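# Structural characterization, general
Here are the chains, one letter per residue:
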Amino acid sequence: MVLAKEIMGISLLEKSSSFINPSKVLLNCNFYHKENQLWVNQGRRNLRPTKALRQSPMAAISENLIKVVPEKAVKFKVRAIVTVKNKNKEDLKETLVKHLDAFTEKIGRNVALELISTDMDPNSKEPKKSNQAVLKDWSKKSNLKTERVNYTAEFVVDSNFGTPGAITVTNKHQQEFFLESITIEGFACGPVHFPCNSWVQPKKDHPTKRIFFSNKPYLPNETPAGLIYLRERELRDLRGDGTGVRKLSHRIYDYDIYNDLGNPDKGIDFARPKLGGKDNVPYPRRCRTGRVPTDTDMSAESRVEKPNPTYVPRDEQFEESKMNAFSTGRLKGVLHNLIPSLMASISSNNHDFKGFSDIDSLYSEGLLLKLGLQDEVLKKLPLPKVVSSIKEGNLLKYDTPKILSKDRFAWLRDDEFARQAIAGVNPVTIERLQVFPPVSKLDPEIYGPQESALKEEHILGNLNGMTVQEALDANRLFIVDYHDIYLPFLDRINALDGRNAYATRTIYFLSDLGTLKPISIELSLPQTGPSSRSKRVVTPPVDATGNWMWQLAKAHVCSNDAGVHQLVNHWLRTHACLEPFILAAHRQLSAMHPIYKLLDPHMRYNLEINGLARQSLINADGVIEACFTPGRYCMEMSAAAYKNWRFDLEGLPADLIRRGIAVPDSTHPRGLKLLIEDYPYAADGLMIWAAIEGWVRNYVNHYYQDSAQVCNDRELQAWYAESINVGHADLRNAEWWPTLATPEDLISILTTIIWLASAQHAALNFGQYPYGGYVPNRPPLMRRLIPDENDPEYTVFLADPQKYFFSALPSLLQATKFMAVVDTLSTHSLDEEYIGERHQPSTWTGDADIIEAFYEFSAEIRRIEKEIDEKNADTKLRNRCGAGVLPYELLAPSSGPGVTCRGVPNSVSI
């Protein structure tokens, strides 16, 4: 605690004496100071904060400071240190404008700042203000190539100025600049920090002054009088008026429906249903861009096609290192250059993989591209790490996915197939089987009998001598059930060219060793008539033909799993459903609100990556439609799942209980007993959940001592109400929404949001290439059904089962396209900020107790990482340690850049 207070509160009297009047008069920073009160230093002493500093920013006053009352206030100078972040690369236009700004500095086109007190002037009835100060030496320092440049400015303030609470910034240049922070030195309370981290636009484009608040947090009813108007004005500016086309330089946060996925002007094949809003399929809201409608459908928004950027508020856009890695470099390189090159090279001979050696050659030898005129362009692009070399002959090489790193044939084994249900890239679907046979919840009038084709004889021989009921009672049977989400779409999916799919159910048995084994797979098709055979069951093989049938059935299960993983668990539950909470936070919570400060790192980049996804990934004919089984119906399937989404069940403990995987038990750590004890995702996740919850509890209880404070916080209540009533408007009347009336309610809501943005997203995202980069392990789509003895294809299958197997998998073009994209999406960037880390860790808040609590949270995250490492070396935990078994590291908190299959960033950043 002492260290934290030293960092934030120590007086800079010694350091900043040259900026204070030689009389050594110190400005009293006490929020409750008496008018014209002055403290005079009669001796040089390094002032250290006392216990009183916890309640007030007033500096400690030593016994040899005496009080005098002058006839009138004295004016003093204080200094601002302004940190501006430079761009690493500038285009020619930016360079020319930068030189122009340096020249026009000399004629008064500068950057001007004004310091605003927390106190009101009793005469003018307005906040006390300093004189206007300008940044010094901009023209001299503008050519510095360092990442950050520090400028200074000097303010003149009265001795009764009070506490500095805000700064306004006016940019009279022609070009925006990134303002990272401002520190004010010269007040007796020590340095006053203003975390900014924002682009400041030129006055010619945005005439109003930018407002930045100090790091001192205030609940709305505690806002000092001098800041009340500015607090409200800044929020009004961020909300906008809901009209007009957004410019890329705007900082306006607003809502809209998903009416921009299709492009009906290109033809009926590119039209897509609108998601969200009245008369449409329910869906969360996204960030409004205000673009004009399409020509052919006035309810559809026109598109901005790549490489032109789509709107998100300026401060939500990728920072330069992230932008270089993904937006302008990696992702655009893949989507705009690599994929067309693949299509040009392969489409004339869009052949199937002939065998395992064809796939292996993608990693060992590469793919020969007939690039033609794109040769030089492609070579110069900063392509993804997946492209490890483009050598002579235009060879495109892929990095070996992690699933092959320990055992090339592990993916073929049943134990690995089952292990990935609890330790793979989609470990959140498996449920405890409570009724056998399983029963559908779909309308039997539309989709046929609800009964499953699974019978006791299908599984009885794999229950270690138990009866089915005994296995159910002993919590030994589990299921991954995709029947109800796929079946309503199968007629349309199977009518698509090159798509053939089932709705699958897979039953698993929990062995005495704590591992799972698949014991039956049910494959369902839509019923075509009263007596049609629409369901079949495949069981573990006893002969060669059965082995290939079983491998094909598992491939169809993995294809179902890949679609639900991407469209529901990943995109919907972590990307799309969080966006309304983030939009509402920017619109309703002031930057000085303590809850905004808590959520800030967990909102980073979400709006940008979601906007990029709407432009290039989930749009009509985009990568997701091209690569996954549902094709053009991908987002309709995602919307169908949203109808069953419940925020109150999105927290990890609630989700585990809902799926029957855990039961409340006060004798177990964190109050839950896992029914699959060695469930790597759940075991590691519960540790991180508990750490997040503990940090949030300490934080919330510091600011809210009782329910009245929560209920009377108008910004907090407006944030949560808008998140539900506007951001999730289609589900706003659901009875399951948690109330926000007590500190405990707030702790639960915030813990869930932070969990989803950080650990849940990491568990679902950063294993995509390590597990899916080897397409036979997780085929994103299937092209052929499994023939039975009455099918004409059955003889083809018997004659060459391996050829049939590979013809059912994605083609070479589909596979390589998918591999390139999921590699990009699995990559950590250089500027990644991981859980337990914060930008400006010592100054993001002005509350020393909170800084200390955050350091404790960081230490707990580091301890959890060590425990995860120990678990991965424990041979008793067979689902994460063993011969050829991958360690489970997707929830290991830290990571380096690249595709690492580990690391928990603070936010949904890719």
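Nothing here was measured: the structure is a model prediction, and the numbers come from that model. (Residues numbered from 1 in each chain as written. Predicted model: local features only at pLDDT ≥ 70, side-chain atom pairs only at ≥ 80, totals over all residues. Heavy atoms only, no water.)

### Points about the packing of aromatic side chains
Heads up, the rule is: Pairing of aromatic rings covers Phe, Tyr and the six-membered ring of Trp, with a centre-to-centre limit of 6.5 Å; geometry is then stacked below 30 degrees between planes, edge-to-face above 60, and tilted otherwise. Helix and strand definitions follow DSSP, with helices as H or I runs of at least four residues and strands as E runs of at least two, each counted in order from the N terminus. Exposure is judged per residue with a 1.4 Å probe applied to protein chains only, and the accessible area is read against the type maximum: over 50% gives exposed, under 20% gives buried, and values in between give partly exposed. Each ring is checked for a lysine NZ or an arginine CZ that lies within 6 Å of its centre and within 35 degrees of its normal; such an atom marks a charge sitting over the ring.
Here the structure, examined in full by the defined rule, presents 35 aromatic pairs. Note on Trp-138 and Tyr-151: the rings are 4.8 Å apart at their centroids and 15° apart in plane angle, and the pair reads as stacked. Of the two residues, Trp-138 sits in helix α4 (residues 138-141) while Tyr-151 sits in strand β7 (residues 148-158), which places them 13 residues apart along the sequence. Neither Trp-138 nor Tyr-151 differs from the other in exposure class; each is buried. Note on Trp-138 and Phe-177: the rings are 5.4 Å apart at their centroids and 65° apart in plane angle, and the pair reads as edge-to-face. Linking Trp-138 in helix α4 with Phe-177 in strand β9 (residues 177-185), this pair joins segments that are 39 residues apart in sequence. Phe-177 carries the same exposure label as Trp-138, and that label is buried. One aromatic cluster in this structure is built from Tyr-258, Tyr-283, Phe-581, Tyr-642, Trp-645, Phe-647, Trp-719, Tyr-720, Trp-736 and Trp-737. The ring of Phe-270 carries Lys-266 above its face, with NZ or CZ at 4.4 Å from the centroid. Here Arg-314 stacks its cationic end above the ring of Trp-199, 4.1 Å away from the centre of that ring.

### A word on helix α9 (residues 414-423)
Spacing of three or four residues puts side chains on the same side of an α-helix, whose turn is 3.6 residues. Short version of the rule: The contact criterion used is simple: two residues touch if any of their non-hydrogen atoms lie within 4.5 Å.
Counted residue by residue, α9 has eight buried out of ten residues, so it is predominantly covered. For α9, the set of buried residues is Glu-416, Phe-417, Ala-418, Arg-419, Gln-420, Ala-421, Ile-422 and Ala-423. Where α9 is buried, its residues touch β19 (503-510), β20 (516-524), α15 (544-576), α22 (680-703) and α26 (768-772).

### Comments concerning the sheet that holds strand β18 (residues 477-481)
The strands that make up a sheet pair up through hydrogen bonds in the backbone, lying either parallel or antiparallel. Put simply, the rule reads: Strand pairing is defined by DSSP finding a minimum of two bridges between the two strands. Only the stretch in contact is used when fitting a helix axis, every axis being a line fitted to C-alpha atoms; angles between N-to-C directions are given from 0 to 180 degrees.
Ordered by their spatial adjacency, five strands build an open sheet running β17-β18-β19-β20-β21, and the pairing between neighbours is antiparallel. Each end of this open sheet is capped by a strand with a single partner; those strands are β17 (431-432) and β21 (535-538). Two strands pair when backbone bridges link them, and β19 and β20 are joined in this way by eight bridges, in the antiparallel orientation. Among the inter-strand pairings, Arg-505 is bridged to a residue of β20, identified as Glu-522. The strands touched by α9 are β19 and β20; relative to β20, the strand with the most contacts, the crossing angle is about 85°. Its contacts with the sheet put α15 on β19, β20 and β21, and the angle it makes with β20 is roughly 80°.

### Some thoughts on the sheet that holds β9
Pairing within the open sheet is antiparallel, and its four strands lie in the order β7-β4-β9-β10. A single partner strand is all that each edge strand has here, and the edge strands are β7 and β10 (192-200). Within this sheet the neighbouring strands show an average axis-to-axis angle of 20°, counted without direction.

### Regarding the pattern of salt bridges
The condition is simple: The salt bridge definition used is simple: a Lys or Arg side-chain nitrogen within 4 Å of an Asp or Glu carboxyl oxygen.
Taken as a whole and assessed by the stated rule, the structure comprises 56 salt bridges. Between Arg-251 and Glu-234 there is a salt bridge, and its shortest N-O distance comes to 3.2 Å. A residue pair is termed long-range when its members are at least 10 positions apart, and Arg-251 in the loop between α5 (228-239) and β12 (255-256) and Glu-234 in helix α5 qualify at 17 residues. Taking the shortest distance from any N to any O, the salt bridge between Glu-889 and Lys-402 comes out at 3.0 Å.

### Here we look at the nonpolar core
Definition in use: The criterion is simple. A nonpolar core is a set of buried Ala, Val, Leu, Ile, Met, Phe, Trp, Tyr and Cys residues joined through side-chain atoms within 4.5 Å.
Judged by nonpolar contacts, the single largest core of 182 residues is most densely connected at Tyr-283, Ile-430, Tyr-679, Tyr-681, Trp-695 and Trp-719. Beyond its immediate stretch of four places on either side in the chain, Tyr-283 contacts Tyr-258, Leu-275, Gly-276, Trp-571, Leu-572, Ala-576, Met-635, Ser-638, Ala-639, Tyr-642 and Asp-730. By size, the runner-up hydrophobic cluster in this structure holds 29 residues, among which are Val-78, Val-111, Val-157 and Val-192.

### Quick word on the pairing of strand β6 (residues 127-134)
Both strand β5 (residues 111-120) and β6 contribute to a ladder of five bridges, which runs antiparallel. For Met-120, the partnering residue across the bridge sits in β6 and is Pro-127. In textbook terms, the turn of a hairpin is the stretch between consecutive antiparallel strands, and for β5 and β6 this stretch comprises six residues, one of which, Lys-125, has a positive phi near 60°.

### A few points about the environment of Ala-815
Looking at where Ala-815 falls in the secondary structure, it is placed in helix α29 (residues 812-825). Taking relative accessible area as the criterion, Ala-815 reaches 0% and is therefore assigned buried. Distance in space between the C-alpha atoms of Ala-815 and Gly-773 is 8.6 Å, their sequence separation being 42 residues. Apart from residues lying up to four places away in sequence, Ala-815 is in contact with Phe-353, Val-775 and Pro-810.

### Some remarks on the packing of helix α16 (residues 579-588) against helix α18 (residues 606-616)
Spelled out, the test is: Here the angle decides the label: under 35 degrees means roughly parallel, over 145 means roughly antiparallel, 65 to 115 means roughly perpendicular, and every other value means oblique. Each crossing gets its handedness from the near helix: less than a right angle anticlockwise from the far helix is left-handed, clockwise is right-handed. Three residue categories are used. Nonpolar comprises Ala, Val, Leu, Ile, Met, Phe, Trp, Tyr, Cys and Pro, charged comprises Asp, Glu, Lys and Arg, and polar comprises the others, including Gly.
For the pair α16 and α18, the least separation of the axes is 10 Å and the interaxial angle reads 130°. Between α16 and α18, the angle falls in the class oblique. Note on packing geometry: the crossing formed by α16 with α18 is left-handed. Residues Glu-579, Ile-582 and Leu-583 of α16 form the contact with α18, whose own contacting residues are Asn-606, Leu-607, Asn-610 and Arg-614. The class makeup of the residues in the contact of α16 with α18 is three nonpolar, two polar and two charged.

### A word on the confidence of the model for the protein chain
Operational definition: Values of pLDDT, ranging from 0 to 100, describe the predictor's confidence in every residue of the model.
When pLDDT is averaged along the protein chain, the result is 87, and 84% of the positions lie at 70 or above. This stretch, residues 1-70, has a pLDDT under 50; its non-local contacts, to residues over four places away or in other chains, come to 138 contacts. Across residues 388-394 the pLDDT falls below 50, and counting only partners more than four positions away or on other chains, this stretch makes 16 contacts in the model.

### Here we look at the environment of Val-425
Turning to its location among the elements, Val-425 is positioned in the loop between α9 and β17. When the C-alpha atoms of Val-425 and Phe-766 are compared, they prove to be 7.8 Å apart, with 341 residues separating the residues in sequence. If near-sequence neighbours (up to four positions away) are discounted, Val-425 is found in contact with His-565, Ala-763, Leu-764, Gly-767, Gln-768, Tyr-771, Arg-778 and Leu-890.

### A look at unusual backbone geometry
Of note, the bond from Lys-306 into Pro-307 is cis; its omega dihedral lies within 30 degrees of zero at 10°. Cis geometry is adopted by the peptide bond preceding Pro-437, which originates at Phe-436 and carries an omega value of -5°. In this structure, Pro-437 sits in the loop between β17 and α10 (444-447). The backbone of Tyr-605 shows a phi angle near 70°, a positive value even though the residue is not glycine. Its place among the elements puts Tyr-605 in the loop between α17 (594-599) and α18. For Tyr-605, a relative accessible area of 4% gives the class buried. Of note, Arg-670 is a non-glycine position whose phi angle comes to about 65°, a positive value. Its place among the elements puts Arg-670 in the loop between β22 (662-664) and β23 (672-674).

### Some details on the pairing of β20
A large share of β20 lies buried, amounting to eight of its nine residues. Linking two consecutive strands that pair antiparallel, namely β19 and β20, is a turn of five residues; a positive phi of about 90° is found at Gly-514 within it. Of the pairings in the sheet, the one linking β20 to β21 comprises four bridges and is antiparallel in character. Bridge pairing links Ile-521 to Val-538 in β21.

### A look at the packing of α15 against helix α20 (residues 634-642)
One way to put it is that α15 packs onto α20 with a least axis distance of 9 Å and a crossing angle of 70°. When the axis of α15 is compared with that of α20, the two are roughly perpendicular. Between α15, through Leu-567, Val-568, Trp-571 and Leu-572, and α20, the contact on the second element is made entirely by Cys-634, Met-635, Met-637, Ser-638, Ala-641 and Tyr-642. Looking at the contact of α15 with α20, its residues break down into nine nonpolar, one polar and no charged.

### Some details on the side chain of His-483
In plain terms, the rule: As used in this structure description, the phrase polar contact means that two N or O atoms lie within 3.5 Å; if the pair is within protein, one of them must be able to donate a hydrogen and the other to accept it, and residues adjacent in sequence are counted only when both atoms belong to side chains.
With respect to the helices and strands, His-483 occurs in helix α13 (residues 483-486). Classification of His-483 as buried rests on a relative accessible area of 1%. A distance of 2.7 Å separates the side chain of His-483 from the side chain of Asp-484, its partner in a polar contact. At a separation of 3.1 Å, a polar atom in the side chain of His-483 contacts the side chain of Lys-535. Dropping the residues within four chain positions of it, His-483 is found in contact with Ser-440, Leu-442, Pro-488, Ala-503, Thr-504, Arg-505, Ser-524 and Lys-535.

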